Amino acid sequence: KDTINNMENKGGLVIGYSEFPPFSYYDEYGNLIGFDTELAKYVCDFWGWDYSFVEIPFDESFPSINSQRIDCYWSAVTKTEERNEYATFTNDYVEYDYETEEDGEWYTSHEVYSVPFQKGDYDTVQLVNIALEEAQNDGTIEYLKYKYGIE
């Protein structure tokens, strides 16, 4: 179950995502960019891990993690009690407030995001948490929030 032990066979960390600006999306040149994309690269670079990104519809994210098609799903995921049954989550790394419209009314939504890994993969999650803490301490998270307009 440990992603770290499987990375060598897979050629690195396989990161699932869905296109969701400003977290993961394609720029005008076809490059995958965004807050989560850059933060995932930072974490992998921090540990010297190779990585690849695989686009996965959100409703397939947890089955894809648990079948080991992907190692994690790094695309603006809120940790919930129900989702905790299917995955082991990193610490929260960003809060996001945004406006949504429902039935002609606008509402402010507030979400807090974490990264789900395969259930029981505590070793990899701990290493990601260490890198996320460093990203917080060295200003990377604040810089990315500013760059991508995340309040």
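Residues numbered from 1 in each chain as written. Predicted model: local features only at pLDDT ≥ 70, side-chain atom pairs only at ≥ 80, totals over all residues. Heavy atoms only, no water.

Notes on the side chain of S109
Residue placement: S109 occurs in strand β9 (residues 105-114). Judged by relative accessible area, S109 falls into the buried class, the value being 18%. One polar contact links S109 to T100, side chain to side chain, over a distance of 3.5 Å. When sequence neighbours within four positions are dropped, the list of residues in contact with S109 reads Y96, D97, Y98 and T100. (Helix = DSSP H or I, 4+ residues; strand = E, 2+ residues; numbered from the N terminus. Buried < 20%, exposed > 50% of the residue type's maximum accessible area, 1.4 Å probe, protein only. Polar contact = N/O pair within 3.5 Å; in protein donor to acceptor, adjacent residues only side chain to side chain. Contact = heavy atoms within 4.5 Å.)

A short note on a negative patch on the surface
A cluster of like negative charges, contributed by E95, D97, E99 and E151, occupies part of the molecular surface. On the basis of relative accessible area, E99 is assigned to the partly exposed category, the value being 47%. (Patch = residues over 30% accessible without salt bridge, like charges linked within 9 Å, V, L, I, M, F, W, Y side chains within 5 Å. Areas by Shrake-Rupley, 256 points an atom, 1.4 Å probe, with all protein chains shown as cover. Salt bridge = Lys/Arg side-chain N within 4 Å of Asp/Glu carboxyl O. Lys, Arg positive; Asp, Glu negative; His and termini not counted. Charge placed at Lys NZ, Arg CZ, Asp CG, Glu CD.)

Concerning the packing of aromatic side chains
With the rule as written, the count across this model stands at 17 aromatic pairs. Ring geometry for F23 against Y96: centres 4.8 Å apart, planes inclined by 85°, an arrangement best described as edge-to-face. Of this pair, F23 sits in the loop between β1 (13-17) and β2 (25-26) while Y96 sits in strand β8 (residues 94-102), and the two are 73 residues apart along the sequence. As far as burial versus exposure is concerned, F23 and Y96 are alike and both buried. Their ring planes at 10° and their centres at 6.3 Å tell us that F35 and Y93 sit as a pair that is stacked. (Phe/Tyr/Trp six-rings, centres within 6.5 Å; stacked < 30°, edge-to-face > 60°.)

Examining helix α2 (residues 35-47)
Compared with an ideal rise of 1.5 Å per residue, which puts 13 residues at 18 Å, α2 spans 19 Å between its outermost C-alpha atoms and is within 8% of the ideal. Along α2, the residues that are buried comprise F35, D36, T37, L39, A40, Y42, V43 and C44. Among the structural elements, β1, β3 (32-33), β4 (51-55), β8, α5 (122-137) and α6 (140-147) are those in contact with the buried residues of α2. With its phi angle positive at about 75°, G48 sits one or two positions after the end of α2. (Expected span 1.5 Å × (residues − 1).)

Topic: the pattern of salt bridges
According to the stated counting rule, one finds four salt bridges in the structure shown. Residue R69 pairs with E60 through a salt bridge whose shortest N-O separation is 3.8 Å. For R69, a relative accessible area of 46% gives the class partly exposed. Judged by its relative accessible area of 35%, E60 falls in the partly exposed class.

As for the pairing of β8
The pairing of β8 with β9 spans nine bridges and is classified as antiparallel. Among the inter-strand pairings, V94 is bridged to a residue of β9, identified as Y113. Here β8 folds back onto β9 in antiparallel fashion, the turn holding two residues, of which D103 has a positive phi close to 55°. (Pairing = 2+ DSSP bridges.)

Some details on the nonpolar core
Among the nonpolar cores identified, the biggest contains 30 residues, and L13, F23, F35, L39, V43, W74 and Y93 are the most heavily contacted of them. Counting residues per element, the ones that place at least two in this core are β1, α2, β8, α5 and α6. Excluding its chain neighbours within four sequence positions, the residues that come into contact with F23 are I33, G34, F35, D36, T37, A76, V94, Y96, Y113 and I150. Among the nonpolar cores identified, the runner-up in size contains nine residues, and I56, I70, A87 and F89 belong to it. (Core = buried A, V, L, I, M, F, W, Y, C linked by side-chain atoms within 4.5 Å.)

Section: the sheet that holds β8
Across the sheet, which stays open at both edges, the three strands sit in the order β6-β9-β8 with antiparallel pairing between neighbours. The strands lining the two open edges of the sheet, one partner per strand, are β6 (77-78) and β8.

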